[in-house]
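A closer look at the structure
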Amino acid sequence: MSVHRLPGDPPGGRRAVAVWGLGVAVYFMAITYRTSLGVAGLDAAERFHINASALSTFSILQVLVYAGMQIPVGLMVDRLGTKKVLSLGVVLFTSGQFGFALSHSYGLALASRALLGCGDAMTFISVLRLGSRWFPARRGPLIAQVAALFGMAGNLISTLVIAQALHSFGWTPTFAGSAIGGAVVLVLTLAFLKDHPEGYEPVPATHSGAGFVRRQIAAAWREPGTRLGMWVHFTTQFPAMVFLLLWGLPFLVEAEGLSRASAGELLTLVVLSNMAVGLVYGQVIARHHAARAPLALGTVAATALLWGAVLAWPGDHAPLWLLIALCAVLGACGPASMIGFDFARPANPPERLGTASGIVNMGGFTASMTTLLAIGVLLDATGGNYRIAFASVFVLQALGVTQVLRLRGRAHRRERERVVASRVEAVHVPA
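Given the structure is predicted, the values throughout are model-derived calculations rather than measurements.

**Describing the packing of aromatic side chains**
Throughout the structure, instances matching the rule amount to 22 aromatic pairs. Ring centres of Phe243 and Trp307 lie 6.0 Å apart, and the angle between their planes is 70°; this geometry places the pair in the edge-to-face category. Linking Phe243 in helix α10 (residues 224-255) with Trp307 in helix α12 (residues 292-312), this pair joins segments that are 64 residues apart in sequence. One exposure class covers both Phe243 and Trp307, and it is buried. Taken together, the ring pairs in this structure connect Phe48, Phe58, Phe100, Tyr106, Trp171 and Phe175 into an aromatic cluster. Its guanidinium or amino end placed over the ring of Phe100, Arg113 lies 4.8 Å from that ring's centre, counting from NZ or CZ.

**A short note on the environment of Ala44**
The residue Ala44 is located in helix α2 (residues 41-48) in this model. For the pair Ala44 and Ala109, spaced 65 residues apart in the sequence, the C-alpha separation amounts to 9.3 Å. The contacts of Ala44, once residues within four sequence positions are left out, are Leu37, His49, Ile50, Leu55 and Trp171.

**Thoughts on the packing of helix α1 (residues 14-35) against helix α5 (residues 106-121)**
Remark: α1 packs on α5, axes separated minimally by 10 Å, with the N-to-C direction vectors making an angle of 150°. The angle between the axes of α1 and α5 places the two elements in the roughly antiparallel class. Crossing handedness for the pair α1 and α5: left-handed. Here Ala30, Tyr33 and Arg34 of α1 come into contact with α5, specifically with Arg113, Leu116 and Asp120. Classifying every residue of the contact of α1 with α5 by side-chain character gives three nonpolar, no polar and three charged.

**Comments concerning the side chain of Thr371**
You can see Thr371 is positioned in helix α15 (residues 353-381). The exposure class of Thr371 is buried, given its relative accessible area of 1%.

**A closer look at unusual backbone geometry**
Of note, the phi angle at His49 is positive, near 55°, even though the residue is not glycine. Following the sequence through the fold, His49 ends up in the loop between α2 and α3 (52-80).

**Some words on a positive patch on the surface**
On the surface, a cluster of positive charge is contributed by Arg406, Arg410, Arg413 and Arg416. Along the chain, Arg413 falls in helix α17 (residues 392-428).

**Quick word on the pattern of salt bridges**
Side chains that differ in sign of charge can pair as their charged atoms come close. All told, the structure shown has eight salt bridges when counted by the stated rule. Linking Arg15 and Glu198 is a salt bridge whose minimum nitrogen-to-oxygen distance equals 2.9 Å. On the criterion of sequence distance, the pair formed by Arg15 in helix α1 and Glu198 in the loop between α8 (171-192) and α9 (209-222) is long-range, its members being 183 residues apart. Judged by its relative accessible area of 42%, Arg15 falls in the partly exposed class. Asp342 is the partner of Arg345 in a salt bridge, and the nearest nitrogen-oxygen pair spans 2.4 Å. On the basis of relative accessible area, Asp342 is assigned to the buried category, the value being 4%. Within the structure, one salt-bridge network assembled from shared partners comprises Arg15, Lys194 and Glu198.

Scoring rules and cut-offs
- Residues numbered from 1 in each chain as written.
- Predicted model: local features only at pLDDT ≥ 70, side-chain atom pairs only at ≥ 80, totals over all residues.
- Heavy atoms only, no water.
- Phe/Tyr/Trp six-rings, centres within 6.5 Å; stacked < 30°, edge-to-face > 60°.
- Helix = DSSP H or I, 4+ residues; strand = E, 2+ residues; numbered from the N terminus.
- Buried < 20%, exposed > 50% of the residue type's maximum accessible area, 1.4 Å probe, protein only.
- Lys NZ or Arg CZ within 6 Å of the ring centre and 35° of its normal.
- Contact = heavy atoms within 4.5 Å.
- Axes fitted to C-alpha atoms, helices over the stretch in contact; angles between N-to-C directions.
- Parallel < 35°, antiparallel > 145°, perpendicular 65-115°, else oblique.
- Left-handed = near helix turned anticlockwise from the far one by under 90°.
- Nonpolar A, V, L, I, M, F, W, Y, C, P; charged D, E, K, R; others polar.
- Patch = residues over 30% accessible without salt bridge, like charges linked within 9 Å, V, L, I, M, F, W, Y side chains within 5 Å.
- Areas by Shrake-Rupley, 256 points an atom, 1.4 Å probe, with all protein chains shown as cover.
- Salt bridge = Lys/Arg side-chain N within 4 Å of Asp/Glu carboxyl O.
- Lys, Arg positive; Asp, Glu negative; His and termini not counted.
- Charge placed at Lys NZ, Arg CZ, Asp CG, Glu CD.

The structure is reproduced here in structure tokens:
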């Protein structure tokens, strides 16, 4: 047995990979649906006869629903288990995608995206819980990063496949056809997914209505590791999310003078960089736990440096090499945000992990929603000045870094105490 195994650690192995891989397939499908609107913006504007502000409401509503659902979903995962929550998520996001395919009015399309956002919100926390129940704790950072990598692959499917299908087949066949994938993963989830290996059931929690909910949230929030994880996620995720979800293409085309094709290639670079950096970060953190905070803060610093260089570049447009560097660094934001979960994971027992993960995940999406709105308001107020509008990124980064530095020492002390206690417990367990 590995010296790194902790008491109660699940064994991992091929079956763990298969079950966890099924959960990741659900997450992959959710990301494909989530990002499918990103390649259909012009088609949506024409289909629903809406302007740019109404079009942006799709993205803002989706992020708002996602962020608002995180703590409720975390509680659901802790109370109902992974399989039930993932299955419900598949039903919701597939129904939303199919409804979007058939929508002819803006209101119905908006409701469909909200439904999709509800289902999407149930996937990632469930996949994190699944990984923690099937793999040893030391594999947690790598497992989380690989899950995120497959999610970004769903983004590529939207960029490459759905965009081409829209051009070839039109709106309804493309979105309705993509909904078939959700039906397939639902059948597989119901048939084969299990919450945990035999003999590794989590300790049953005592559920008592609203009192339980308050205690669960309060207990997770009291842990410095949960709060640190939330602020790490808050500070690292949103620059890339805002860039990919809505404002990257307009910025590159309107402010930097690139063609739509060139701008699309730079957005793809963000996705590819995310996938590559995710593997590196996962391996580094799995081997060197102390690297978590330096990697997160280093990513924030690099992002701020590149953003500042692009926005402050003299003249009308930044050079292409600098924009390429910016997009490559933005690709590290997603992997860096995953470090937040690795602070919360050891700080909470398994029966509270879903709630803690929901709190962490809410951080980045709250920052994303705030920045999406701030950029839009500032663009309107300044007559389309992207330099001023995008400077709002630095305000949220400064807030997040302040909180990370404030909580870092406290979380490390609690984590060391927990490790010492687990070693003492292992020594006293009878052979």
